[in-house]
Amino acid sequence: MLLITCPFCGPRPELEFGYAGEAHVVRAQDPRDVSDSQWTEYLYQRSNVRGVHAERWRHAHGCAQFFNALRDTTTDHFVATYRIGESRPDAAVEAGR
Amino acid sequence: MSQNFRLPTGGRVNRGKKISFTFDGRRMSGLEGDTLASALLANGEHLAGRSFKYHRPRGILSAGPEEPNALVGVGADEGHYSPNLRATQVELFEGLVAESQNRSPSLRYDWAGVNNLIWRFIPAGFYYKTFMWPRGAWTKFFEPRIRAMAGLGRAPRAPDATTYAQRYAHCDVLVVGAGPAGLAAALAAVQGGQRVILCDEQNELGGSLLSETDATIDGAPAARWLSETIAQLRAAGSLQILARTTAFGYFPHNMLGLVERLTDHLPGVAGQPRERLWQVRAKQVVLAAGEIERPLVFPDNDRPGIMLAGAARIYASRYGVKPGQRAVIVTAHDSAYRAALALYQAGVGIAAIADVRANPQGGWVDLARKAGLPVRAGCTITGTSGRLRVSGADLAPLAADGTVGASERVSCDLLLMSGGFTPSVHLFSQSRGKLVYDDALGAFVPGTPAEDCWVAGACRGVSLLSEVLADGFAKGASAARAAGGALVPARGFATTHAPATGGGFAGALPHGKNPASVRAFVDFQNDSTAKDIKLAISEGLRSIEHIKRYTTTGMATDQGKISNMNALGIATDVLARPIAQIGTTTFRMPYTPTTFGVFAGYARGDLFDTVRRTPVHHWAEAQGAVFEDVSLWKRARYFPLAGEDMHQAVARECRAVRAAAGIFDASTLGKIEVAGPDAAEFLNRMYVNAWSKLKPGRLRYGLLLREDGFILDDGVIGRMSDECFHVTTTTGGAARVLTMMEDYRQTEFPELKVWLTSTTEQWAVIALQGPKAREILAPFVEGADISHAAMPHMSVVECRVAGVPARLFRVSFTGELGFEINVPADYGRAVWEAIFAAGQPAGLVAYGTETMHVLRAEKGYIIVGQETDGTVTPDDAGLSWAIGKAKPDFVGKRALARAGMGEGVQRKQLVGLLTDDPQVVLEEGAQLVADPAQPPPMTMLGHVTSSYWSATLNRSMALALVKNGRARIGETLHVPMPGRVIRVTITGPVFYDAEGIKLDG
């Protein structure tokens, strides 16, 4: 069971959380402006990273907040967790190397 | 039977406490401190089981968790029966009842032993070939027979009568294994001021020290050092000792699963759990899991009486048991000499020590020679004799070039073997740590760890006792430091012990015989032989993972404990590639078999899953309602009167609602309070409908899509005030909808000032439906005018009902005049009962979900999840009227504009179906075709989504999704069913009161 650090509550066991898919998949400000293929990409295309993956979690049985995390998909180790709206902390990735 | 093979002295058994038990119905005795295996050996019993495939007689091979042969069923009754327990790990207790497995009618005479005669026809992977040829033989011939033969033990025939506990724990340092390395690690970690958990699978801590009779540590005999060290650890206070506790799995982020066996060894203890699951999260882990001795692979190396040399020594020195009278020892490793000496001192005659090495010397070898034991260097074994017990070993000289000379039969009743030791890297490998092959050791050892863990002692290839202790202490100190503890200086342990040991062999011994005619077992449990592994390679399997699966070597409970290295040794010979290049197979959890019970824990019976009951539940129960499960809820399905079946009850309930009135428990509907200055804007962006202009006091049917444009949920939404909406969802969709709303609120629209609160369990919802609903309800209402003029269809008012504050909805899911009365849940039953009683003179009946389904289907109202399946758009369901066309955006809007979602595409649309024969009720899910005479596969045009007998129409009716359905209204389609074809006519989806007049009573 993973140990996940909620940016609001601290480290908590995985079973308090729900996974919520890839992070930083941007919904267009006005979806009318985007093409069918762009919208299809938004709906269905995901990066499926081998390595550090930005993803969303929700502390469902805790503060109920969504947040973002960087997790290495090859080791399951979390590099960082950060709040929605904050940019991807790639410095943490570098520091972790 | 008396314990004829019990030594007069020695061992850790309690000679003052005799214990009686039965094995296959025979009464025997042992001593406190025995395992079932040691007690059987004390009684001269080696034959303990039959092998998996060939049903060969098998004896006790080992003294630990690696035991592949002596698998027994234990339990005096079916409620306490466990199959496939390793006799080497079953603690003896008074009254223990054990039976052998995989034999019929008895262990000594087993009819399936015929497999041992036809073995040439059932080599590795033979069953894969039966899939292919002869055609049809698999299902008719092989599969039933293989199925009947498969498996070892049998499942218990009664539910488990015991209970299981579960616990979470946190610690700074978890030490797995309490042998010398683990004990030293625990000493260091405690000294570093850390909270430590020390676990060991055996009943006593000590590991190899429990059978150590020669060495001293820091001046004390090993046994005394052990007891003093345990006392010192117990006194520390910051350490928790878990004996009888197996660490079976290493999970991510340093969580380990442990199973503690609590009461299996304590007969007569009632009311306490059998086992406890520990889920331990450790800051640092020290693995001190020890090592496992390797068998040697030679022809007929599996007869009862053939044992691992180290196991025989353990039986003699720890349990005071003499495993035989006359032993032959075959070895590639010095440690077998130590075993030979120990047995010799215990009175076992040593007929020969055959060492496959040309020139073994030094250490234990010299001691054995000095004692006059007959050592044959450069000697191999080419076969054995004996049926239910080994009676002889064929020893032959082995030349340096590998040629095998003429063999000589040496008689014996005990044949010991040692191919060296394999470090127990199971947990390290489970943690995804990388293993590296150590050429000098001839073994895989832990390399770079993937978790915060340290590996100490024999499980990383350290074998000398003083080095094991020092290594354990150093790793314990490192773990403590890494966990934030104090710096602990390294220390050494002064040991006197007999000289170091060396040697080792992996693979199959040369035997000089025709390889096709011998069976040399690599994996005893799975009956896979050296020949099987060669066969797999010759059939083109190259990866060790493929070889493993084809031959089943190392599968099941073995998990690489005894067979891995020998299989690799054979593969490396055949493939002519070094072991390091071949690699090893993956170690799977659990380390040893683990009961299902301990995983189920408390989640049994009533606690298996959450049951949600409405405030009206117990009233419905008292009325004799029949319930159905809807997500976690129990919902009243119908209320049968005496003698009624479901169809009669539902027909009566339907007629009553249409003619007078019905009362229905809708409390399970999901409810979300959406509040805040931007509540309307938030709903605009979530739901397809327009909300800005909905006035307080009005209701609207809301439709929610996923971002891909397909219907996710629906429900009636009331505007309680400018800034507050009462949103309802489907029963099953409540959590899903709230999660989705929270997602958008937090991540896409954080600028909106809106709050979401689940209020599902705050409100009891009483639906009162039918032409007489208003007259029944009116006397209970205070503070509101519920006349049609003041309170039209789709309006809401806050008032009191039966004296209780209420949100009163005028809404209908039946097509009749209707109200839904929301009252605080605690008052739900009182209000319900008051209304029910008052409505009796008017003909009010309680109705359930089945009637609700029929009534709404008569009106063509959809149920999400029944008429929709995740591929249905609003237009498909005939609901495009609900869409707020002027809104710039809502969830799913952009997707609806994609090609394929609307115009110009023949999508499946919601329609009604009437069968030509009004008595025929279609099956839900049935497929619709245009031409029933077409050859299969037929072109399917759609399927039935809902189908009922309608008491109102006095005929059957159905809803369906049909390709281009609305354009087909009036057409005839066909439903092909087994043995017949049903003709149906497509209609509109509304069967009752299409004008909606009845909604106003």
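Here the structure is a predicted model, which means the values were calculated and not measured.

Another point: the UniProt feature "domain: Aminomethyltransferase C-terminal" (unreviewed entry) in chain B. Feature annotation in UniProt assigns "domain: Aminomethyltransferase C-terminal" (unreviewed entry) to the following positions: residues 908-993 of chain B. Along residues 908-993 of chain B one finds 0% helix and 52% strand; the C-alpha atoms at either end are 25 Å apart.

Looking at the secondary structure, you find Ala64(A) in the loop between strand 4 (52-58) and strand 5 (66-72). Taking the number of C-beta atoms within 10 Å as the measure of exposure, Ala64(A) has 15 and is therefore partly exposed. If we ignore the near neighbours within four places in the chain, the residues touching Ala64(A) are His59(A) and Glu742(B).

Moving on, we get to the sheet that holds strand 2 (residues 26-32) of chain B. Residues and elements named next belong to chain B. As summarised here, the arrangement of the five strands in space is 2-1-7-5-6, forming an open sheet in which the pairing is mixed. Unpaired on one side and paired on the other, strand 2 and strand 6 (82-86) mark the two borders of the sheet. Neighbour-to-neighbour, the strand axes of the sheet open up by a mean angle of 40 degrees, direction not taken into account. Note that strand 1 (residues 14-23) and strand 2 share seven bridges and pair antiparallel. Residue pairing across strands places Ser 20 opposite Ser 29, the latter belonging to strand 2.

This paragraph deals with the packing of helix 17 (residues 646-659) of chain B against helix 22 (residues 849-858) of chain B. Residues and elements named next belong to chain B. Running from amino to carboxyl end, helix 17 crosses helix 22 at an angle of 60 degrees, the nearest separation of the two axes being 9 Å. Taken together, helix 17 and helix 22 sit at an angle that is classed as oblique. Here helix 17 and helix 22 pass one another in a crossing that is right-handed. Side by side, helix 17 and helix 22 meet where Met 646, Val 650, Glu 653, Cys 654 and Val 657 of the first sit next to Glu 850, Thr 851, Val 854 and Leu 855 of the second. Looking at the contact of helix 17 with helix 22 residue by residue, the classes come out as six nonpolar, one polar and two charged.

Taken together, the contacts link 19 residues of chain A with 22 residues of chain B. The greatest single-element share of the side of chain A that touches chain B, amounting to four residues, is contributed by helix 1 (residues 36-44) of chain A. Residue composition of the side of chain A that touches chain B, by class: 10 nonpolar, four polar and five charged.

So, on to helix 6 (residues 309-317) of chain B. Residues that lie three or four places apart on an α-helix share one face, since the helix turns once every 3.6 residues. Residue and element names in this part refer to chain B. When you tally the buried positions in helix 6, you get nine out of nine residues, the bulk of the element. Among all positions of helix 6, only Ala 309, Gly 310, Ala 311, Ala 312, Arg 313, Ile 314, Tyr 315, Ala 316 and Ser 317 are buried. In this structure, the buried side of helix 6 is in contact with helix 1 (36-42), strand 16 (291-293), strand 17 (306-308), strand 18 (326-331), helix 7 (335-345) and strand 24 (414-418).

Before going further, it helps to examine the pairing of strand 8 (residues 164-176) of chain B. All names here are of chain B. In this structure, strand 8 lies alongside strand 15 (residues 275-287), joined through 12 bridges in parallel fashion. Within strand 15, the residue paired with Ala 169 across the bridge is Val 280. Pairing analysis gives four bridges linking strand 8 to strand 9 (residues 196-199), with the strands arranged parallel. Note on strand 9: the bridge partner recorded for Val 173 is Val 196.

Here the focus is the UniProt feature "domain: GCVT N-terminal" (unreviewed entry) in chain B. In the numbering used here, UniProt assigns the "domain: GCVT N-terminal" (unreviewed entry) feature to residues 616-887 of chain B. Taken as a whole, residues 616-887 of chain B contains 26% helix and 31% strand, while its terminal C-alpha atoms sit 41 Å from one another.

Attention now goes to the domain arrangement of chain B. As far as domains go, chain B holds domain 1 (1-158), domain 2 (164-291 + 423-496), domain 3 (295-419), domain 4 (505-577), domain 5 (670-759 + 871-892) and domain 6 (903-1001). Of note, the centres of domain 2 of chain B and domain 5 of chain B, computed from C-alpha atoms alone, are 56 Å apart.

Residues and elements named next belong to chain B. Across its 12 residues, helix 13 (residues 564-575) extends 16 Å between first and last C-alpha, which sits within 8% of the 16 Å expected from 1.5 Å per residue. The set of residues buried in helix 13 consists of Asn 564, Met 565, Asn 566, Ala 567, Leu 568, Gly 569, Ile 570 and Ala 571. Where the residues of helix 13 are buried, they touch strand 25 (421-423), strand 27 (443-446), strand 30 (521-523), helix 11 (530-538), helix 12 (544-551) and helix 14 (579-582). Just downstream of helix 13, Ala 576 is the residue with a positive phi angle, here 55 degrees.

Residue and element names in this part refer to chain B. Where helix 6 contacts helix 7, the axes come no closer than 9 Å and their chain directions differ by 30 degrees. Between helix 6 and helix 7, the angle is such that the two are roughly parallel. Helix 6 and helix 7 meet at a crossing whose hand is left-handed. Between helix 6 and helix 7, the residues in contact are Ala 309, Gly 310, Ala 312, Arg 313, Ala 316 and Ser 317 and Ser 335, Ala 336, Arg 338, Ala 339, Ala 342 and Leu 343, respectively. Broken down by class, the residue content of the contact of helix 6 with helix 7 amounts to seven nonpolar, three polar and two charged.

Before going further, it helps to examine the pairing of strand 15 of chain B. Residues and elements named next belong to chain B. Pairing of strand 14 (residues 255-261) with strand 15 involves seven bridges; the strand directions are antiparallel. Directly across from Leu 258, in strand 15, lies its bridge partner Trp 278. Pairing geometry for strand 15 and strand 28 (residues 453-455), over three bridges, is parallel. Residue pairing for strand 28: Leu 287 is matched across the bridge by Val 455.

All names here are of chain B. Here Arg 685 lies in helix 18 (residues 679-686). On the basis of neighbour count, Arg 685 is assigned to the buried category, with 20 C-beta atoms found within 10 Å. Residues Arg 685 and Ala 480, spaced 205 residues apart in sequence, show a C-alpha to C-alpha distance of 54 Å. Filtering out sequence-adjacent residues up to four positions away, Arg 685 remains in contact with Phe 749, Asp 889, Phe 890 and Val 891.

Let's shift gears to unusual backbone geometry. Residue Pro105(B) follows Ser104(B) across a cis peptide bond; omega there is 5 degrees. Relative to the helices and strands, Pro105(B) resides in the loop between strand 7 (96-99) and helix 2 (126-132). With an omega dihedral of 0 degrees, the bond running from Pro936(B) to Pro937(B) counts as a cis peptide bond. In this fold, Pro937(B) is placed in the loop between strand 47 (927-929) and strand 48 (940-950). Within the chain, Asp76(A) stands out as a residue other than glycine whose phi angle is a positive 70 degrees. Residue placement: Asp76(A) occurs in the loop between strand 5 and strand 6 (78-83). Exposure remark for Asp76(A): the 15 C-beta atoms within 10 Å place this residue in the partly exposed category. Positive phi, close to 45 degrees, is recorded for Ser631(B), a residue that is not glycine. With respect to the helices and strands, Ser631(B) occurs in the loop between strand 32 (626-630) and strand 33 (633-638).

Turning next to the environment of Lys695(B). Tracing the chain through its elements places Lys695(B) in the loop between helix 18 and strand 36 (699-705). We classify Lys695(B) as exposed; it has 8 C-beta atoms within 10 Å.

Residues and elements named next belong to chain B. Read from one edge to the other, the open sheet built from five strands follows the order 17-24-18-19-20, with strand pairing classed as parallel. Only two strands of the sheet have a single neighbouring strand rather than two, namely strand 17 and strand 20 (375-377). In this sheet, neighbouring strand axes are inclined to one another by 20 degrees on average, regardless of whether the strands run parallel or antiparallel. Across five bridges, strand 18 lies against strand 24 in parallel orientation. Across the sheet, the residue bridging to Ala 327 is Leu 414, located in strand 24.

Thresholds, definitions, all that
- Residues numbered from 1 in each chain as written.
- Chains lettered and ligands numbered in written order.
- Predicted model: local features only at pLDDT ≥ 70, side-chain atom pairs only at ≥ 80, totals over all residues.
- UniProt positions renumbered as here; feature names shortened; annotations may be inferred.
- Helix = DSSP H or I, 4+ residues; strand = E, 2+ residues; numbered from the N terminus.
- Buried ≥ 20, exposed ≤ 12 C-beta atoms within 10 Å, placed from the backbone.
- Contact = placed C-beta atoms within 7 Å.
- Pairing = 2+ DSSP bridges.
- Axes fitted to C-alpha atoms, helices over the stretch in contact; angles between N-to-C directions.
- Parallel < 35°, antiparallel > 145°, perpendicular 65-115°, else oblique.
- Left-handed = near helix turned anticlockwise from the far one by under 90°.
- Nonpolar A, V, L, I, M, F, W, Y, C, P; charged D, E, K, R; others polar.
- Domains from an automatic or database assignment.
- Expected span 1.5 Å × (residues − 1).

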